[in-house]
Amino acid sequence: MNTTELSRTIAALTDYAQGAGLIGPEDRTWAVNRLLGAVGASEYIPPEEPLTAPLPELLNRLCDHAAEQGLCGEGVTARDLFDTGLMGLLTPRPSEVIREFRRRQAASPAGATDWYYRFSQDTNYIRRDRIARDVKWTAPTGYGELDITINLSKPEKDPRAIAAAKAAPQSGYPKCLLCRENEGYAGRMNHPPRQNHRVIPVTIDGQDWFLQYSPYVYYNEHCIVFNGAHIPMKIDRSTFRKLLDFVEQFPHYFVGSNADLPIVGGSILSHDHFQGGRYTFAMERAPIEEPLSFPGFPEVRGGIVRWPMSVIRLTSGDRGRLEELADRVLTAWRGYTDEAAFIFAETEGEPHNTITPIARRRGSDYELDLVLRNNITTPEHPLGVYHPHQELHHIKKENIGLIEVMGLAVLPARLKEELAALAEALVSGGDLRANESAAVHADWGEGLRQRYTFTRDNAMELLRQEVGSVFAQVLEHAGVYKCTPEGREGFRRFTDSIK
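Residues numbered from 1 in each chain as written. Predicted model: local features only at pLDDT ≥ 70, side-chain atom pairs only at ≥ 80, totals over all residues. Heavy atoms only, no water.

Q: Would you mind showing me how to read the overall build of the protein chain here?
A: Along its length, the protein chain carries 17 helices and 15 strands. Against the compact-globule benchmark of 23 Å for 499 residues, the protein chain has a radius of gyration of 25 Å, which places it among compact chains. The dimensions of the protein chain, computed from C-alpha atoms along their principal axes, are 75 × 60 × 40 Å. Considering only contacts in the protein chain between residues 6 or more positions apart, those separated by 24 or more positions represent 64%. Just so you have it, the protein chain exposes about 21400 Å², and 50% of that area is on carbon and sulfur atoms. Here the protein chain contributes 56 positively and 67 negatively charged side chains, and the mean placements of these two sets differ by 3 Å. (Helix = DSSP H or I, 4+ residues; strand = E, 2+ residues; numbered from the N terminus. Rg over C-alpha atoms; globule rule 2.2 N^0.38 Å. Contact = heavy atoms within 4.5 Å. Areas by Shrake-Rupley, 256 points an atom, 1.4 Å probe, with all protein chains shown as cover. Lys, Arg positive; Asp, Glu negative; His and termini not counted. Charge placed at Lys NZ, Arg CZ, Asp CG, Glu CD.)

See below:
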């Protein structure tokens, strides 16, 4: 790129940063010079004709120029490392971001998070262009409208990145993807760059925690609240206290925790954290199927939720009593065995029972949804008895974590191509096993063929609705008590045991 075009691109990126409030007018010359140095240039010609282009295009142009200078490698990972560094040059310091958040929070917690969420997008920490690629729809089921998303925003590593990551020296810094030390980190081929990342300190239960957003935003204002210390996930009484403390400070957000055992837990068990945001999931909309009362807790309203997983909902205006009852439920469940229902607290010393808790506000009340989980495996179900079974793995094989529990399916990127291939084969009447992309869904597709007449106009919509039905089955498999008379009888045996 010649000096004129490079100058136009840098000027446009500086205009973007000023328009987004990342820099002020007094910072322009400083910002231009920082960007020049980053791309290996020393000349700048103030442009006569401004360049109008979206942020991703501006960053791509600068990555291309840097690659020509040998400053940026090839592939998505290398370019992400470089363009995040460019945005980091334009991102305000942590102290400035915290100060602005606190100023807004004093007037309105929702106003503060509105600003912080937009800021996290404007810095390109949340890449709007990639989030827009995600395929999303809702599907009607017997449990309400479930949310389905095929996640395309998380870039898949290309072979060069995989090879480079394997050859890179192993590092223990930061200890994991959630640690506070990620803020401002330049990254490496096996760890994402975070120069444009800023976190907000929050005090929860008297401890130092931090608030940030997920860069992949599976739902609106998808936030992560993480412990300032790198300590493992653990569900105990203090978990309920922390969750309730958070929704008291941010009453417009829900917050929940993944379970603390493998299979039924999240992808990062090594660092204590929660996930939350401003979104109403199908589970929150689900009604109480059967009221429950607990002796000694008249101020707490309880019930079994009409949901494919096994959920006890507790609601009260008294945080302390809600916390105490939730702890009694957890304590009872940790040690609970019911062989008739195939519930075992432990086998050969390995614990199996835990809870996925979610907290929210209902007006002036506090509410906890306690989802009973069990991670026992058998030879027939080596990935988990209460995990999607083999016949559903063509759609969902991964762990059922907090987000799925609440009714949002996060499905693998492969499904976009596979469902398109399956739709084409169903419309054309072809052999479902002849197409490599469709073959994994052949048994499922043959069953659908018996039920529907597929046309080019309806094929994809029918498949999307049927994916929703499969996800409902996934949640049913993950429920420790089934939505049957026998399952509900077993559920009541447990609730009756809570003292």
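Q: What is the right way to look at the pairing of strand S2 (residues 144-150) in this model?
A: In regular strands, side chains alternate between the two faces of the sheet. Counting buried positions over the seven residues of S2 gives five, a clear majority of the element. Here strand S1 (residues 135-141) runs beside S2; their pairing, made up of seven bridges, is antiparallel. By the bridge assignment, tryptophan 137 is partnered in S2 with isoleucine 148. In sequence, S1 turns back onto S2 through a hairpin of two residues. As defined by bridge partners, S2 adjoins strand S15 (residues 408-411) across four bridges and the pair is classed as parallel. Following the sheet pairing, threonine 149 is matched in S15 by valine 410. (Buried < 20%, exposed > 50% of the residue type's maximum accessible area, 1.4 Å probe, protein only. Pairing = 2+ DSSP bridges.)

Q: Explain the pattern of salt bridges here, please?
A: With the rule as written, the count across this model stands at 39 salt bridges. The partner of glutamate 290 in a salt bridge is arginine 492, with the nearest N and O atoms 2.9 Å apart. Of this pair, glutamate 290 sits in strand S8 (residues 288-292) while arginine 492 sits in helix H17 (residues 485-497), and the two are 202 residues apart along the sequence. In this structure arginine 492 comes out as partly exposed when scored by relative accessible area, which is 32%. (Salt bridge = Lys/Arg side-chain N within 4 Å of Asp/Glu carboxyl O.)

Q: What should I look at first to understand unusual backbone geometry in this one?
A: Glycine aside, residues mostly have negative phi angles, and peptide bonds mostly take the trans form. Note that the residue after tyrosine 173, namely proline 174, is joined by a cis bond; omega there is -15°. For valine 217, which is not glycine, the phi torsion reads 40° and is therefore positive. What makes valine 217 buried here is its relative accessible area of 5%. For phenylalanine 342, which is not glycine, the phi dihedral falls at a positive 55°. Considering the arrangement of structural elements, one finds phenylalanine 342 in the loop between helix H11 (319-334) and strand S11 (346-347). Using a relative accessible area of 34% as the deciding quantity, one classes phenylalanine 342 as partly exposed.

Q: Sorry, what's going on with the packing of aromatic side chains here?
A: To describe a pair of aromatic rings, one takes the distance between the centres and the angle between the planes. Scanning the model with the defined rule gives 22 aromatic pairs in all. Following the ring pairs from residue to residue traces out a cluster consisting of Phe101, Tyr116, Tyr117, Tyr213, Phe246 and Phe250. Here arginine 361 stacks its cationic end above the ring of tyrosine 366, 4.0 Å away from the centre of that ring. (Phe/Tyr/Trp six-rings, centres within 6.5 Å; stacked < 30°, edge-to-face > 60°. Lys NZ or Arg CZ within 6 Å of the ring centre and 35° of its normal.)

Q: Before we go on, may I ask you to explain the packing of helix H3 (residues 55-68) against helix H4 (residues 76-90) in this structure?
A: Packed helices, taken two at a time, are described by the angle their axes make and the gap between the axes. Closest axis-to-axis distance for the H3/H4 pair is 10 Å, and the angle between their directions is 115°. Between H3 and H4, the angle falls in the class roughly perpendicular. When you trace H3 past H4, the crossing you get is right-handed. In this structure, H3 contributes Leu55, Leu59, Asn60, Leu62, Cys63, Asp64 and Ala66 to the contact, and H4 contributes Arg79, Phe82, Asp83, Leu86 and Met87. (Axes fitted to C-alpha atoms, helices over the stretch in contact; angles between N-to-C directions. Parallel < 35°, antiparallel > 145°, perpendicular 65-115°, else oblique. Left-handed = near helix turned anticlockwise from the far one by under 90°.)

Remember that the coordinates give geometry; whether it matters functionally is a separate question.
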